[in-house]
Amino acid sequence: MNEVAVNLALIGRLIRRRWQVLLVLVVLGAAAGAASSLVLSPGFVSTSKVLLQGSRDEKQLPAETQVATSLIVLDRTAEVLKWGVTGSELQSKVSATVDGHVIAISGAADTPQRAQELADRVTAQYIGFSTRIVTDAANASAESAQKGRQAVQLQIDDANKRITQLQASPLIAAPGSEGDQARAELQQEQQVIAKASKDLEQVDGATESAALDASLGASSSTVIELATLPGAPASPTLVECILGGALALALLGLIAHVVALRTDRRLRSADDVAAAAGAPVLGSVEVAVASSAGPLLHRLLHDDRQWAHTALPVAEDDRSRDARYQRALRRIARGPRPLTLLVVGADDDPLARTALLDLAVSAADGPDPVALVTDDDELVERATAAAAQSGRRRLVAGSVWPDPGSALTLVDVRIAPARPIIPDAGPTDGALLLVAMGSRTAWELAAVAGACFDAGQQVRGAVVLAPTSNPTADDHGGPAPSGLRSDDAPADSGDQALAGTS
């Protein structure tokens with residue numbers, strides 16, 4: 001993982017250079033928020049409060065919310081409202097919460113008037129249904145108590161009748177077993193009467209309690225706060241959903257960019273490139289690229305991580321640009337002439353091809369002939385056109401090695417970074433690596449340097465390529481304007497800026 005410092009400067013460059021993507025994410029987030037508001041936005045909400053009177057178990061109070069939002073209550077509410085909806089459809093519009101002995105019943109609708117009416121109607125139906133439940137239970141208890149009292153009274157009457165019969169019988173005073181049996185039966189009937197009398201007192205108490213519950217059933221629930229007319233839609237509103245979706249998706253986009261950068265192992269500093277390639281970085285070349293003319297989706301999704309480092313200034317004109325190229329070439333070509341260099345670039349890197357063309361054209365600005373050896377017919381045409389346009393007739397480009405006499409020969413070598421293979425190009429004076437900033441990992445550069453070593457080529461140095469936008473660049477008619485800075489370029493701090501970026 002790269003040790004990239006995430007600071008305000010990095011976020012600012014990300015916003016400036018990827019604002020199109022962030023803008024698309026904002027629009028998509030706003031659209032998603034607007035769509036989610038159809039589900040999340042309740043509209044207008046009105047609430048009424050009901051006090052639950054009497055002694056109630058705290059564990060049973062939450063069950064009152066289920067009663068208030070039950071299908072029976074909502075079906076009756078739908079019949080009263082006459083909105084053409086069913087109780088099942090109202091279940092998503094009605095909610096209830098309990099706080100202590102107070103239950104709050106809320107109704108949501110698309111207009112304030114309907115929200116208030118819905119809350120009031122549900123409250124009325126809930127109170128009516130709850131009262132009916134209490135009353136029916138009390139009446140059933142009273143009826144059961146009445147039946148129990150009648151049964152106990154009948155038992156007492158039967159026992160009194162039997163006692164009267166036994167007392168009038170001569171057996172009650174007779175000696176012997178028959179008298180003992182009559183007196184035992186009399187005592188048993190008296191015990192039955194005593195027990196039945198106690199049961200009768202309990203039944204009478206239950207009857208009075210049931211009657212009291214029935215009388216209090218109508219006043220067990222009382223409305224203490226009527227539903228009011230809401231003045232504004234409840235949160236989250238449509239605007240809140242739109243703003244929240246836009247902000248959330250934009251933040252996710254920023255986080256995704258930063259995470260992708262932190263997990264990206266490609267090198268973005270000259271020091272890292274030099275360490276991986278095992279050769280010094282001779283300069284930092286800015287290669288102008290034409291504005292992308294591809295599909296909009298490709299341009300939005302393309303992310304070359306160029307926002308991760310500070311942009312380097314472009315050369316002012318052709319003369320200063322050539323001077324900077326030639327300073328770098330002098331550092332590369334120190335030693336006796338003629339000089340033959342393998343210029344190694346990735347086959348999937350268009351910046352390497354343009355930088356090679358710029359190097360060849362700039363090297364031809366002198367009395368010595370320069371040769372560019374490449375199998376790329378398009379690059380040959382561009383080199384020939386650029387040499388003719390700039391008047392540098394001593395540049396020869398082609399796929400055949402020129403006759404001896406060229407002061408500098410640049411051999412174009414394209415390699416696949418995944419499996420780099422350096423071809424046997426005959427006697428050369430080493431290899432020059434062209435590496436686009438932030439395009440290769442340390443392992444890939446080490447593999448390229450190892451391939452050069454296996455081919456017997458010494459890596460003389462590396463040139464780091466940094467793209468810069470240039471809408472006027474011509475991909476076919478000549479070299480795109482670019483600038484190269486070497487360490488000996490006066491008053492130029494680009495390499496230091498590049499080396500300090502990670």
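These remarks concern the structure in this document. (Residues numbered from 1 in each chain as written. Predicted model: local features only at pLDDT ≥ 70, side-chain atom pairs only at ≥ 80, totals over all residues. Heavy atoms only, no water.)

### Some details on the pattern of salt bridges
Applying the stated criterion to the full structure yields 7 salt bridges. Close ionic contact of glutamate 378 with arginine 353 constitutes a salt bridge, the shortest N to O distance being 3.6 Å. Of this pair, glutamate 378 sits in helix α13 (residues 377-390) while arginine 353 sits in helix α12 (residues 350-363), and the two are 25 residues apart along the sequence. In this structure arginine 353 comes out as partly exposed when scored by relative accessible area, which is 23%. Between arginine 440 and glutamate 444 there is a salt bridge, with the nearest N and O atoms lying 4.0 Å from each other. Look at the salt bridges and you will find they share partners, linking Arg353, Asp376, Glu378, Asp412 and Arg414 into a network. (Salt bridge = Lys/Arg side-chain N within 4 Å of Asp/Glu carboxyl O. Helix = DSSP H or I, 4+ residues; strand = E, 2+ residues; numbered from the N terminus. Buried < 20%, exposed > 50% of the residue type's maximum accessible area, 1.4 Å probe, protein only.)

### A closer look at the side chain of threonine 123
Relative to the helices and strands, threonine 123 is located in helix α6 (residues 112-168). Taking relative accessible area as the criterion, threonine 123 reaches 4% and is therefore assigned buried. Apart from residues lying up to four places away in sequence, threonine 123 is in contact with Ser48, Val50, Ile105 and Val223. (Contact = heavy atoms within 4.5 Å.)

### Concerning the pairing of strand β10 (residues 431-436)
The element β10 is extensively covered by neighbouring structure, given that 6 of its 6 residues are classed as buried. A two-sided burial pattern is seen for β10, the buried positions comprising Ala431, Leu433 and Val435 on one face and Leu432, Leu434 and Ala436 on the other. Summarising the sheet, strand β6 (residues 339-346) and β10 pair through 3 bridges and their orientation is parallel. Paired with leucine 342 across the strands is alanine 431, a residue of β10. (Pairing = 2+ DSSP bridges.)

### Quick word on helix α14 (residues 442-454)
In this model, α14 (13 residues) spans 18 Å end to end at C-alpha, consistent with the 18 Å of a helix rising 1.5 Å per residue. Restricting attention to buried positions, one finds in α14 the residues Leu445, Val448, Ala449, Ala451 and Cys452. Taken end-on, α14 shows its buried residues confined to a sector of 155°, consistent with a single buried face. Across from the buried face of α14, at angles greater than 90 degrees, the exposed residues are Trp443, Phe453 and Asp454. One or two positions beyond α14, positive phi appears at glycine 456, with a value near 75°. (Expected span 1.5 Å × (residues − 1). Arc of directions from axis to C-beta.)

### A short note on the packing of helix α1 (residues 8-17) against helix α8 (residues 238-263)
Between α1 and α8, the shortest axis-to-axis distance is 11 Å and the interhelical angle comes to 115°. As summarised for this structure, α1 and α8 are arranged roughly perpendicular, according to the angle between their axes. In the crossing of α1 with α8, the sense of the turn from one axis to the other is right-handed. Within the contact between the two elements, α1 uses Leu10, Ile11, Leu14 and Ile15 and α8 uses Leu254, His257, Val258 and Leu261. Residues of the contact of α1 with α8, tallied by class, amount to 7 nonpolar, 1 polar and no charged. (Axes fitted to C-alpha atoms, helices over the stretch in contact; angles between N-to-C directions. Parallel < 35°, antiparallel > 145°, perpendicular 65-115°, else oblique. Left-handed = near helix turned anticlockwise from the far one by under 90°. Nonpolar A, V, L, I, M, F, W, Y, C, P; charged D, E, K, R; others polar.)

### Focus: the packing of aromatic side chains
Within this structure, the stated rule accounts for 0 aromatic pairs. One cation-aromatic arrangement involves arginine 114 over tryptophan 83; the distance from NZ or CZ to the ring centre is 4.5 Å. (Phe/Tyr/Trp six-rings, centres within 6.5 Å; stacked < 30°, edge-to-face > 60°. Lys NZ or Arg CZ within 6 Å of the ring centre and 35° of its normal.)

### Describing the sheet that holds strand β1 (residues 44-52)
Pairing between the strands of a sheet comes from backbone hydrogen bonds, and it takes one of two forms, parallel or antiparallel. With antiparallel pairing, the 4 strands of this open sheet are ordered in space as β2-β3-β1-β4. The sheet is open, and its two edges are formed by β2 (94-99) and β4 (221-225), each paired on a single side. Across the sheet, the mean angle from the axis of one strand to that of its neighbour is 30°, orientation sign disregarded. Both β1 and β4 contribute to a ladder of 4 bridges, which runs antiparallel. Looking at the pairing, valine 50 lines up with valine 223 of β4.

### Things to note about the nonpolar core
One recurring pattern in soluble globular proteins: nonpolar side chains tend to sit buried together. Of all hydrophobic cores here, the largest spans 32 residues; its most connected members are Leu356, Leu372, Leu395, Leu410, Leu434 and Leu465. When residues in this core are grouped by element, the largest group, 9 residues, is from α12. The residues contacting leucine 465, other than those within four sequence positions of it, are Val285, Val287, Asp349, Leu351, Ala352, Ala355, Leu434, Val435, Ala436 and Met437. In terms of nonpolar packing, the next biggest core, distinct from the first, is built from 28 residues, Ala276, Val411, Ile415 and Leu445 among them. (Core = buried A, V, L, I, M, F, W, Y, C linked by side-chain atoms within 4.5 Å.)

### Some details on the packing of α12 against α13
In contact at an axis separation of 10 Å, α12 and α13 are set at 35° when each is read in the N-to-C sense. You can see that α12 and α13 cross each other, and the crossing is right-handed. In this structure, α12 uses Arg353, Thr354, Leu356, Leu357 and Val361 to contact α13, whose residues at the interface are Glu378, Leu379, Arg382, Ala383, Ala386 and Ser390. Of the residues belonging to the contact of α12 with α13, the class tally is 6 nonpolar, 2 polar and 3 charged.

### As for unusual backbone geometry
The peptide bond linking serine 235 to proline 236 adopts the cis configuration, its omega dihedral lying at -5°. Here proline 236 shows up in the loop between β4 and α8.

### Some points on a nonpolar patch on the surface
A cluster of nonpolar residues, Leu247, Leu251, Leu252, Ile255 and Val259, forms a patch on the protein surface that exposes about 470 Å² of accessible area. Of note, leucine 251 is situated in helix α8. Using a relative accessible area of 43% as the deciding quantity, one classes leucine 251 as partly exposed. (Patch = residues over 30% accessible without salt bridge, like charges linked within 9 Å, V, L, I, M, F, W, Y side chains within 5 Å. Areas by Shrake-Rupley, 256 points an atom, 1.4 Å probe, with all protein chains shown as cover.)

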